Amino acid sequence: MANSIAGWFGVGKQGQHARLLLILLTAFMLVLPFMLSAGFDSGNSWVRTVDFALLYIMLALGLNIVVGYAGLLDLGYIAFYAVGAYLYALLNSPQIAALLPAWMMYPPLLVMLLVAAVVAGCFGVMLGAPTLKLRGDYLAIVTLGFGEIIRIFMNNLDRPINLTNGPQGINNIERVSLFGHEFGKPLEILGVQIPMVHQYYYLILAFCVLIIFVSIRLQRSRIGRAWVAIREDEIAAAAMGINTRNVKLLAFAMGASFGGVSGSLFASFQGFISPESFILMESILVLCMVVLGGMGHIPGVILGAIIVSITPEALREVVNPLQDMLLGKRVVDPENLRMLLFGMAMIIIMLLRPEGLWPSRRRKDELHPATKRITKQEDATLDEAEREHE
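Chains are numbered independently. Their residues run from 1 in the order of the written sequence. Confidence filtering applies because this is a predicted model: local features only for residues at pLDDT of at least 70, side-chain atom pairs given and counted only at 80 or more, and all residues used for totals across whole chains, interfaces and linings. Side-chain descriptors were evaluated using all non-hydrogen atoms of the structure, hydrogens and water having been removed beforehand.

*Asks:* Looking at this model, I keep getting lost on the overall build of the chain. Mind explaining?
*Replies:* Helix and strand content of the chain: 16 helices and 4 strands. In this scheme, a residue with accessible area under 20% of its type's maximum is buried, one over 50% is exposed, and one in between is partly exposed, where area comes from a 1.4 Å probe on protein chains only. A total of 390 residues make up the chain; the buried ones form 44% of that total. We call two residues in contact when some of their heavy atoms are within 4.5 Å. If you take every contact in the chain between residues at least 6 apart in sequence, the share linking residues at least 24 apart comes to 72%. For helices the rule is a DSSP run of H or I covering at least 4 residues; for strands it is a run of E covering at least 2, with both sets numbered from the N terminus onward.

The structure is reproduced here in structure tokens:
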């Protein structure tokens with residue numbers, strides 16, 4: 001991704017090819033929802049699946065900062081997703097709006113997303129500050145506990161004052177309004193009617209592209225190089241003058257802010273949230289996206305997020321009709337089959353390709369260093385030269 005965008009500004013054949021590839025990719029992404037609606041009977045459900053895939057891409061890129069760049073294992077990342085979602089829901093639900101002053105009701109989209117990013121980033125610092133000296137399994141356990149604390153807190157914040165409605169969740173969340181148009185209503189442009197899922201597709205895609213751009217800039221900046229240095233050897237990084245404490249806190253804050261933005265878009269798109277949407281399995285799922293695609297490599301992380309998020313819908317389209325045709329009834333739930341196949345795929349990947357499906361060159365060289373095989377004849381020649389030297 002970084003090379004492709006850099007090639008856009010390049011010259012020669014490489015720059016022209018990169019420019020053509022970027023134009024084709026842009027055109028494909030712009031017409032994708034209409035292709036899905038026309039190509040499938042349940043076209044809108046596929047567009048909805050792609051919308052969630054884009055949200056997962058944003059989440060995976062945020063976790064990639066913490067895990068892929070800084071090398072800090074985080075098993076509670078979904079907590080920041082929950083913070084952004086509940087913040088948006090609380091400030092945009094009719095129940096809360098009735099208690100707020102008129103000037104605070106339904107803040108603009110960009111303001112809401114900025115607030116979600118800042119608040120989630122503060123929660124990221126809250127998680128990172130007590131865990132600066134922890135590594136490996138200890139850090140994983142603490143972050144896991146943090147994620148569960150946030151979920152249980154939201155689940156029990158219905159008394160003595162009911163803010164989150166407990167396990168029943170918050171519903172009737174206001175849709176996004178942009179330039180006076182509410183995304184919950186169909187939009188007609190040049191005689192073409194664009195339904196809600198299509199509108200949210202373009203909105204989420206725009207923020208997904210923004211987060212990809214920010215991730216690329218971070219990766220190539222001094223901060224990104226400092227994160228990689230800490231991941232490789234924290235003691236050596238500190239000896240080189242890197243303030244490891246501030247840099248690690250910044251990694252937690254930046255990753256959490258991406259999760260907060262994604263959570264806000266999720267709450268607006270879904271119109272309903274509950275603590276069941278932010279369980280530990282979701283954190284594991286996002287972590288698997290990063291590991292499966294290739295830690296520290298933006299295109300690999302995007303690929304991992306797409307594969308993991310699209311697989312359930314693809315299996316449902318294949319497995320259910322196949323069972324109906326062969327058995328006359330549905331014996332295997334596609335969701336259970338997905339977890340089985342997903343677990344097998346992760347085991348195979350860890351054994352055969354631990355760097356991921358699309359790793360960065362640095363990561364690939366770390367796990368598969370280039371070594372020269374010495375033949376028997378070369379070995380005999382080396383022995384003879386060593387004896388002559390003696």
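Back to the text.
*Asks:* What exactly am I supposed to notice about the nonpolar core here?
*Replies:* Within soluble globular proteins, side chains that are nonpolar generally end up buried alongside one another. We define the nonpolar core as a collection of buried residues of types Ala, Val, Leu, Ile, Met, Phe, Trp, Tyr and Cys that are connected through side-chain atoms lying within 4.5 Å of one another. One finds Met58 and Ile273 to be the most contacted residues of the largest nonpolar core, which totals 98 residues. Broken down by element, this core gets its largest block of residues, 17 residues, from helix H3 (residues 43-69). When near neighbours in sequence (up to four residues on either side) are disregarded, Met58 contacts Ile204, Phe207, Cys208, Ile211, Phe258, Val261, Ser262 and Leu265.

*Asks:* Please clarify how helix H12 (residues 280-293) should be interpreted in this entry.
*Replies:* End to end, H12 covers 20 Å across 14 residues, agreeing with the expected 20 Å (1.5 Å per residue, within 8%). Most of H12 is tucked away, with 11 of its 14 residues classed as buried. When we look at burial in H12, the residues that qualify are Glu282, Ser283, Leu285, Val286, Leu287, Cys288, Met289, Val290, Val291, Leu292 and Gly293. Downstream of H12 by a residue or two, Gly294 has a phi angle that is positive, lying close to 140°. Expected helix span is given by 1.5 Å per residue-to-residue step, counting one fewer step than there are residues.

*Asks:* Teacher, can you tell me more about the packing of aromatic side chains here?
*Replies:* Any aromatic ring pair is given by two values, namely how distant the centres are and how the planes are angled relative to each other. A pair of aromatic rings is counted whenever rings of Phe, Tyr or Trp (Trp by its six-membered ring) have centres within 6.5 Å, and the orientation is called stacked for planes under 30 degrees apart, edge-to-face for over 60 and tilted otherwise. Applying the stated criterion across every chain yields a total of 12 aromatic pairs. Judged by centre distance (5.3 Å) and plane angle (35°), the ring pair of Tyr81 and Phe266 falls under tilted. Linking Tyr81 in helix H4 (residues 78-92) with Phe266 in helix H11 (residues 244-270), this pair joins segments that are 185 residues apart in sequence. In terms of burial, Tyr81 and Phe266 fall into one category: buried. Each member of the aromatic cluster is reached from another via a ring pair, and the members are Phe52, Tyr81, Tyr86, Phe183, Tyr200, Phe266, Phe269 and Phe278.

*Asks:* What should I look at first to understand unusual backbone geometry in this one?
*Replies:* Both trends apply: most residues other than glycine have a negative phi, and most peptide bonds are in trans. Residues Arg159 and Pro160 are joined by a peptide bond in cis, for which omega reads 0°. Within the secondary structure layout, Pro160 lies in the loop between helix H7 (136-156) and strand E1 (177-178). Even without glycine at this site, Asn172 takes up a positive phi of about 55°. Take Asn172: it is sitting in the loop between H7 and E1.

*Asks:* Hey, could you run me through the pattern of salt bridges in this one?
*Replies:* Between side chains of opposite charge, a pair can form when the charged atoms approach closely. Just to be clear on terms, a salt bridge is a Lys or Arg side-chain nitrogen sitting within 4 Å of an Asp or Glu carboxyl oxygen. As enumerated under the stated definition, the model contains 6 salt bridges in all. A salt bridge links Arg135 to Glu234; its shortest N-O distance comes to 3.3 Å. One end of the pair, Arg135, is in the loop between helix H6 (109-128) and H7; the other, Glu234, is in helix H10 (residues 234-239), with 99 residues separating them in the sequence. Classification of Glu234 as buried rests on a relative accessible area of 19%. Across the pair Asp158 and Arg159 runs a salt bridge, and its minimum N-O distance is 3.2 Å. Salt bridges linked by common partners bring Arg135, Glu234 and Lys248 together as one network.

*Asks:* I tried to follow the environment of Ile242 on my own but got confused; where do I start?
*Replies:* Topologically, Ile242 is positioned in the loop between H10 and H11. In this structure the C-alpha to C-alpha distance between Ile242 and Ala226, which are 16 residues apart in sequence, comes to 6.9 Å.

*Asks:* Explain H11 here, please?
*Replies:* Side chains of residues three or four places apart in an α-helix project in the same direction, reflecting 3.6 residues per turn. In this model H11 runs 39 Å from its N-terminal to its C-terminal C-alpha over 27 residues, within 8% of the 39 Å that 1.5 Å per residue would give. Just downstream of H11 lies Gly271, where phi reads positive at about 75°.

*Asks:* Please clarify how the side chain of Asp74 should be interpreted in this entry.
*Replies:* Within the secondary structure, Asp74 is located in the loop between H3 and H4. This buried residue, Asp74, is left without a salt bridge; Lys248 holds the nearest opposite charge, at 13 Å. Pairs of N or O atoms are called polar contacts if they sit within 3.5 Å, as long as, within protein, a hydrogen donor faces a hydrogen acceptor (for residues adjacent in sequence, only side-chain-to-side-chain pairs). Within the structure, Asp74 has its side chain in polar contact with the backbone nitrogen of Gly76 (distance 2.9 Å). Within the structure, Asp74 has its side chain in polar contact with the backbone nitrogen of Tyr77 (distance 3.4 Å). What Asp74 contacts, discounting residues up to four positions off in sequence, is Leu63, Val66, Val67, Phe80, Leu127, Thr143 and Phe252. Counted as positive: Lys and Arg. Counted as negative: Asp and Glu, with His and the chain ends omitted from the count.

*Asks:* Honestly, the confidence of the model for the chain in this entry has me stumped. Any pointers?
*Replies:* Any region with low pLDDT has predicted coordinates that should not be read closely. Scored from 0 to 100, pLDDT reflects the predictor's confidence in each residue. Of all residues in the chain, 85% have pLDDT values of 70 or greater, and the mean over the chain is 84. In the model of the chain, helix H1 (residues 2-8) stands out as the element of lowest mean pLDDT, 46, in contrast to H11, which has the highest, 95. Confidence drops under a pLDDT of 50 for residues 4-11, and excluding neighbours within four residues, the segment shows 12 contacts in the predicted structure.

*Asks:* Can you help me understand the environment of Arg353 in this one?
*Replies:* Here Arg353 lies in the loop between helix H14 (334-352) and helix H15 (361-367). For the pair Arg353 and Gly294, spaced 59 residues apart in sequence, the C-alpha to C-alpha distance is 9.7 Å. Arg353 has contacts with Ile348 and Pro359, leaving out every residue within four places of it along the chain.

*Asks:* Explain a nonpolar patch on the surface here, please?
*Replies:* Only residues whose relative accessible area exceeds 30% and that form no salt bridge are eligible for patches; like-charged ones are grouped when within 9 Å, while nonpolar side chains (Val, Leu, Ile, Met, Phe, Trp, Tyr) are grouped when within 5 Å. We get accessible surface area from the Shrake-Rupley algorithm with a probe of 1.4 Å; when it comes to residues, only the shown protein chains can shield them. On the surface, Leu322, Met325, Leu326, Leu327, Val331 and Val332 cluster together into a nonpolar patch covering about 610 Å² of accessible area. Position of Met325 among the secondary structure elements: in helix H13 (residues 298-326).

*Asks:* Mind showing me how you'd approach the packing of H13 against H14 here?
*Replies:* Axes are the key here: two packed helices are described by the angle between their axes and the distance separating the axes. Axes, fitted as lines to C-alpha atoms, cover a helix only where it is in contact. Angles between the N-to-C directions of the axes lie from 0 to 180 degrees. With their axes 9 Å apart at the nearest point, H13 and H14 run at an angle of 125° to one another. By the angle between their axes, H13 is oblique relative to H14. The two elements H13 and H14 cross, and the hand of that crossing is right-handed. On the side of H13, the interface is formed by Val308, Thr311, Pro312, Leu315, Arg316, Val319 and Asn320, while H14 contributes Pro334, Glu335, Leu337, Arg338, Leu341 and Phe342. Residues are grouped as follows: Ala, Val, Leu, Ile, Met, Phe, Trp, Tyr, Cys and Pro are nonpolar; Asp, Glu, Lys and Arg are charged; all remaining types, including Gly, are polar. When the residues that make up the contact of H13 with H14 are grouped by side-chain class, the tally is 8 nonpolar, 2 polar and 3 charged. Throughout, the term roughly parallel applies to angles under 35 degrees, roughly antiparallel to angles over 145, roughly perpendicular to angles from 65 to 115, and oblique to all others. We call a crossing left-handed when the near helix sits turned anticlockwise from the far one by less than a right angle, and right-handed when that turn is clockwise.

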